[in-house]
Amino acid sequence: MTKLSVNINKVATIRNARGGNVPNVVQFAIDCERMGAQGITVHPRPDERHIRYQDVRDLKSVLTTEFNIEGNPNDSFTALVKEVKPHQVTLVPDAPDAITSNAGWDTITHFSFLKDKVAEFAECGIRVSVFIDAEHLDRIEKAKELGAHRVELYTESYATMYPVDKNMAVEKFVKAADYARSIGLGVNAGHDLSLENLKFFHEQIPHIDEVSIGHALISDALYYGIENTIQMYLNQLR
Ligand code: PXP
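Every residue gets a number counted from 1 within its own chain, in the order that chain's sequence is written. Whole-chain, interface and lining totals are the exception, using all residues; otherwise, since this is a predicted model, local features are given only for residues with pLDDT of at least 70 and side-chain atom pairs are given and counted only at 80 or more. With hydrogens and water stripped out, all remaining heavy atoms of the structure feed into the side-chain values.

Caption draft 1: Structural detail: the pairing of strand 7 (residues 186–190). Burial here depends on accessible area, computed with a 1.4 Å probe over protein chains only, as a share of the maximum for the residue type. Under 20% is buried, over 50% is exposed, and the range in between is partly exposed. In this text, helices come from DSSP runs of H or I with a minimum length of four residues, and strands from runs of E with a minimum of two, each type numbered from the N-terminal end. With five of five residues buried, strand 7 is to be regarded as a mostly interior element. Side-chain alternation along strand 7 places Gly186, Asn188 and Gly190 on one buried face and Val187 and Ala189 on a second face that is also buried. A pair of strands counts as paired when DSSP detects no fewer than two bridges linking them. For strand 6 (residues 150–154) and strand 7, the ladder comprises five bridges, and the chain directions are parallel. Note on strand 7: the bridge partner recorded for valine 151 is valine 187. Examined bridge by bridge, strand 7 and strand 8 (residues 210–213) share three bridges and lie parallel to one another. Residue pairing for strand 8: glycine 190 is matched across the bridge by serine 212. Read from strand 7 through helix 9 (residues 198–204) to strand 8, the crossover connection turns out right-handed. We call a crossover right-handed when, viewed with both strands directed away from the observer, the connection leading from the first strand over the helix to the second proceeds clockwise.

This is the structure in structure tokens:
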């Protein structure tokens, strides 16, 4: 079964616009779980412009589903993750000023850095997933070698090409996911997945372990409400 992990960063962005605690990010996450989300994802960035480090701490004590923290493993992120001990950490090579993640890791160039990080998190009992571009099978092979448990396939290019040619769009993701699975890696996917493109992606790669979805899902919730929206996304994964 493919788990739906709801990325709640956008909810924190709305809260931060006014400086108070509306909407309440922690309560929103609890409600997402109650409405059927099988996981919650947060992406704390160094400037805390959406999810704050304290949010991450507060969430840990109340969440009952899978907690996934993603981000670039600099010193402060690493310390936070080791303190909070989520079920999963997803390592993402995003620059501090990046609007959103825009590339996967080059696990060959950054092999020793990542190997040390993966070992550090794994020692704390945290599953480690490495964000990766689907076209580089050699980088996926290296992700296995450096000890990661899963890879998260960066799906932006799938989403962009989907309206043009969905079969062509998904091709490299099917190959990457099958390859990752064949060498014993779990497979997650995320970025720009939506009600438009998720169903086909899942049909083509039914063994995906988890999708984490934020931007489109929270945007859809403006029209359908969060409860309906979560059900609509879950239906795409059935
Ligand atoms: N996966 C990673 C590594 C991300 O950085 C993000 C965006 O924060 C997502 C998944 C979710 O992307 P989206 O918000 O487009 O659904």
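Here the narrative resumes.
Caption draft 2: Expanded view of the pattern of salt bridges. Salt bridges, as used here, are contacts in which a Lys or Arg side-chain nitrogen is within 4 Å of a carboxyl oxygen on Asp or Glu. For the structure shown, the criterion picks out 15 salt bridges. Residue lysine 82 pairs with glutamate 120 through a salt bridge whose shortest N-O separation is 2.9 Å. Linking lysine 82 in helix 4 (residues 75–84) with glutamate 120 in helix 5 (residues 111–123), this pair joins segments that are 38 residues apart in sequence. Judged by relative accessible area, which is 28%, lysine 82 ranks as partly exposed. Under the relative-accessibility criterion, glutamate 120 is labelled partly exposed at 26%. The salt bridge involving aspartate 133 is made with arginine 139; its shortest N-O contact spans 3.9 Å.

Caption draft 3: Broad picture of a nonpolar patch on the surface. Within this analysis, patches are made of residues with over 30% relative accessible area and no salt bridge. Like charges are joined at 9 Å or less; nonpolar side chains (Val, Leu, Ile, Met, Phe, Trp, Tyr) at 5 Å or less. Note on areas: these come from Shrake-Rupley sampling with a 1.4 Å probe, and a residue is covered only by the protein chains present in the view. On the surface, a nonpolar cluster with roughly 310 Å² of combined accessible area is contributed by Met161, Val164 and Met168. Overall, the relative accessible area of 71% leaves valine 164 in the exposed class.

Caption draft 4: Broad picture of the site of the ligand. Inspection of the region around the ligand gives 15 residues, with Ser101, Glu152, Asp192, Gly214 and His215 positioned closest. Any pair of N or O atoms that falls within 3.5 Å is considered a polar contact. Within protein, one atom must be able to donate a hydrogen and the other to accept it, and sequence-neighbouring residues count only if both atoms are side-chain atoms. Contacts to the ligand include glutamate 152, whose side-chain N or O atom sits 2.6 Å from a nitrogen atom. The separation between an oxygen atom of the ligand and a polar main-chain atom of histidine 215 is 2.9 Å. All amino acids are sorted into three groups, where Ala, Val, Leu, Ile, Met, Phe, Trp, Tyr, Cys and Pro are nonpolar, Asp, Glu, Lys and Arg are charged, and the leftover types, Gly among them, are polar. Here the shell around the ligand is composed, by residue class, of three nonpolar, nine polar and three charged. Throughout, the term near means that a residue has one or more heavy atoms lying within 4 Å of the molecule or strand in question.

Caption draft 5: Focus on the packing of aromatic side chains. Whether two aromatic rings pair depends on their centres lying within 6.5 Å, for rings of Phe, Tyr and Trp, where Trp uses its six-membered ring; planes under 30 degrees apart make the pair stacked, over 60 edge-to-face, and the rest tilted. Applying the stated rule across the entire model yields seven aromatic pairs. Their ring planes at 70° and their centres at 5.7 Å tell us that tyrosine 158 and tyrosine 162 sit as a pair that is edge-to-face. Ring geometry for phenylalanine 173 against phenylalanine 201: centres 5.8 Å apart, planes inclined by 65°, an arrangement best described as edge-to-face. One end of the pair, phenylalanine 173, is in helix 8 (residues 166–182); the other, phenylalanine 201, is in helix 9, and 28 residues separate them in sequence. Each member of the pair, phenylalanine 173 as well as phenylalanine 201, is classed as buried. Through a chain of ring-to-ring contacts, three or more aromatic side chains come together here, namely Tyr158, Tyr162, Phe173, Phe200 and Phe201. The lysine or arginine in question, lysine 142, covers the ring of phenylalanine 111, its NZ or CZ lying 5.2 Å from the ring centre. Our definition puts a charge over a ring when NZ of Lys or CZ of Arg is within 6 Å of the ring centre and also within 35 degrees of the ring normal. Between the NZ or CZ atom of lysine 166 and the centre of the ring of phenylalanine 200, over which it lies, the distance is 4.8 Å.

Caption draft 6: A look at the sheet that holds strand 8. Ordered in space as 1-2-3-4-5-6-7-8, the eight strands form a closed barrel in which the pairing is parallel. Ignoring strand direction, the axes of neighbouring strands in this sheet form an average angle of 25°. Residues count as neighbours in contact if any of their non-hydrogen atoms are within 4.5 Å of one another. Axis definition: a line fitted to C-alpha atoms, limited for helices to the stretch in contact. Angles are taken between N-to-C directions and run from 0 to 180 degrees. Lying on the sheet, helix 5 is in contact with strand 4 (88–91) and strand 5 (127–132); it crosses strand 4 at an angle near 170°.

Caption draft 7: Looking closely at unusual backbone geometry. Residue proline 23 follows valine 22 across a cis peptide bond; omega there is -5°. Structurally, proline 23 can be placed in the loop between helix 1 (9–16) and helix 2 (25–34). A positive phi angle, close to 115°, is found at histidine 191, a residue other than glycine. Here histidine 191 shows up in the loop between strand 7 and helix 9. Judged by its relative accessible area of 18%, histidine 191 is buried.

Caption draft 8: Highlighting the environment of valine 128. Counting through the fold element by element, valine 128 comes out in strand 5. Linking valine 128 and glutamate 33, residues 95 residues apart in sequence, is a C-alpha distance of 22 Å. Apart from residues no more than four positions distant in its own chain, valine 128 is found in contact with Val89, Leu91, Val118, Phe121, Ala122, Ala148, His149 and Arg150.

On their own, these measurements won't tell you what the molecule is for.
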